[in-house]
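Report on the structure
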Amino acid sequence: MEFSTQIKKYREETGMTQEELAEKIYVTRQTISNWENDRSYPDVKSLLLLSTLFQVSLDTLVKGDLKIMKEQIKQEDIKKLNRDSLIYTVLLVGLVLAAVPMFLYLDVVGAVLWFILWGVAMFWAFRIERQKKEHDIQSFREIVAFTEGRQLDELEKAQEVAKRPYQKVLLALGVSAVAFGATYLMMFLLGGA
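**Examining the overall build of the protein chain**
Counting its secondary structure elements, the protein chain contains 8 helices and 0 strands. For 193 residues, the compact-globule estimate of 2.2 N^0.38 gives 16 Å, and the protein chain exceeds it by more than 25% at 27 Å. In terms of its C-alpha atoms, the protein chain occupies a principal-axis envelope of roughly 85 × 45 × 20 Å. Every one of the 193 residues in the protein chain was classed for burial, and the buried ones make up 31%. Long-range contacts, defined here as pairs at least 24 residues apart, represent 55% of the contacts in the protein chain between residues at least 6 apart. Of the roughly 12,800 Å² of accessible surface on the protein chain, a fraction of 64% belongs to carbon and sulfur atoms. Here the protein chain contributes 24 positively and 25 negatively charged side chains, and the mean placements of these two sets differ by 2 Å.

**What to know about the pattern of salt bridges**
Using the criterion set out here, one finds 6 salt bridges in the structure. When salt bridges that share partners are traced, they join R83, D84 and R127 into one network.

**Quick word on the nonpolar core**
Inside soluble globular proteins, nonpolar side chains tend to come together where they are buried. In this structure, F3, I7, L21, W35, L50, F54 and L61 are the most contacted members of the largest nonpolar core, which totals 15 residues. If you look at the next biggest cluster of nonpolar residues, it comprises 8 residues, including L91, L95, A98 and W124.

**Considerations on the packing of aromatic side chains**
Taken as a whole, this structure holds 5 aromatic pairs when the rule is applied. Following the ring pairs from residue to residue traces out a cluster consisting of F103, W114 and F115. A cation sits over an aromatic face here: K9 above Y10, 4.6 Å from the ring centre.

**Brief notes about the layout of surface pockets**
A water-sized probe rolled over the atoms picks out the places where empty space is left. In this structure, the largest pocket occupies an estimated 960 Å³ of space. Residue assignment for the lining of the largest pocket shows that the elements contributing at least two residues are helix 5 (58-105), helix 6 (107-134), helix 7 (140-147) and helix 8 (154-189). In terms of residue count, helix 5 provides more of the lining of the largest pocket than any other element does, 10 residues in total. A volume near 180 Å³ is recorded for the second largest pocket. Sort the elements by how many residues they give to the lining of the second largest pocket and helix 7 lands first, with 3 residues. Residue composition of the lining of the second largest pocket, by class: 4 nonpolar, 2 polar and 5 charged.

**Topic: the packing of helix 7 against helix 8**
Running from amino to carboxyl end, helix 7 crosses helix 8 at an angle of 125°, the nearest separation of the two axes being 8 Å. Taken together, helix 7 and helix 8 sit at an angle that is classed as oblique. Across from F140, R141 and E142 in helix 7, the residues of helix 8 making contact are E156, K157, Q159, E160, V161, R164 and Q167. Grouping the amino acids of the contact of helix 7 with helix 8 by side-chain chemistry returns 2 nonpolar, 2 polar and 6 charged.

**Brief notes about helix 4 (residues 44-54)**
All of the buried residues in helix 4 are S46, L47, L50, S51 and F54. Seen from one end, helix 4 has its buried residues packed into an arc of 140°, which puts them on one side. Relative to its buried face, helix 4 has exposed residues pointing more than 90 degrees away, namely V44, K45 and T52. Once helix 4 finishes, Q55 follows within two positions and takes phi at roughly 55°, a positive value.

**A word on the side chain of E36**
When you line up the elements, E36 lands in helix 3 (residues 29-36). Beyond its immediate stretch of four places on either side in the chain, E36 contacts S4, I7, K8, R11 and Q18.

**Here's the deal with the packing of helix 1 (residues 3-13) against helix 4**
In the contact formed by helix 1 and helix 4, the axes pass within 11 Å of each other and the chain directions differ by 40°. In terms of their interaxial angle, helix 1 and helix 4 are classed as oblique. As helix 1 packs across helix 4, the resulting crossing turns out to be left-handed. On helix 4, the residues that touch F3, I7, Y10 and R11 of helix 1 are L47, L50 and F54.

Basis of the calculations
- Residues numbered from 1 in each chain as written.
- Predicted model: local features only at pLDDT ≥ 70, side-chain atom pairs only at ≥ 80, totals over all residues.
- Heavy atoms only, no water.
- Helix = DSSP H or I, 4+ residues; strand = E, 2+ residues; numbered from the N terminus.
- Rg over C-alpha atoms; globule rule 2.2 N^0.38 Å.
- Buried < 20%, exposed > 50% of the residue type's maximum accessible area, 1.4 Å probe, protein only.
- Contact = heavy atoms within 4.5 Å.
- Areas by Shrake-Rupley, 256 points an atom, 1.4 Å probe, with all protein chains shown as cover.
- Lys, Arg positive; Asp, Glu negative; His and termini not counted.
- Charge placed at Lys NZ, Arg CZ, Asp CG, Glu CD.
- Salt bridge = Lys/Arg side-chain N within 4 Å of Asp/Glu carboxyl O.
- Core = buried A, V, L, I, M, F, W, Y, C linked by side-chain atoms within 4.5 Å.
- Phe/Tyr/Trp six-rings, centres within 6.5 Å; stacked < 30°, edge-to-face > 60°.
- Lys NZ or Arg CZ within 6 Å of the ring centre and 35° of its normal.
- 1 Å grid on protein atoms, 1.4 Å probe; cavity = no way out; pocket = protein on both sides within 12 Å on 5 of 7 lines; lining within 4 Å.
- Points joined across faces, edges and corners; volume = space filled by probe spheres on them.
- Nonpolar A, V, L, I, M, F, W, Y, C, P; charged D, E, K, R; others polar.
- Axes fitted to C-alpha atoms, helices over the stretch in contact; angles between N-to-C directions.
- Parallel < 35°, antiparallel > 145°, perpendicular 65-115°, else oblique.
- Arc of directions from axis to C-beta.
- Left-handed = near helix turned anticlockwise from the far one by under 90°.

Okay, here's the thing in structure tokens:
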């Protein structure tokens, strides 16, 4: 049950008008109307006053909304991680593909531009790492589960935590190999090899 429905239900059960309720919790009648019509949400102080006035726990008063808010926050976190990952991927591909042409044809200017692009890519990489740390997701399975909106059970989580050290080494080696291969290919295609 949503908070707007809850507050109206408890207000009507106690026989109060919106104006009477507003007086008791030190807000305007319009504020009560906005709460009941889902246009705004009360602050913590107002929630505590409502809880006391209606003689119900905060949990009971906002229970349904807590689940909805948690789900919205989780969805926002997933979208943020997916967006940042896409930006980082595009930057990383750009770095690899632009390295040889920039260094060969633009000399010092190309090198400076490439390092600026590298700095931007590192900014996004650190941003993604911070999100992963915040949500305690590191391994591939943990990240996939997170982006699907689910969590691993305790056993799966323990297994993934045990894999983290060697997965990072393998990932670094794999990215290095791909970058080396792409750079060599670009040099070959541009006649530099």
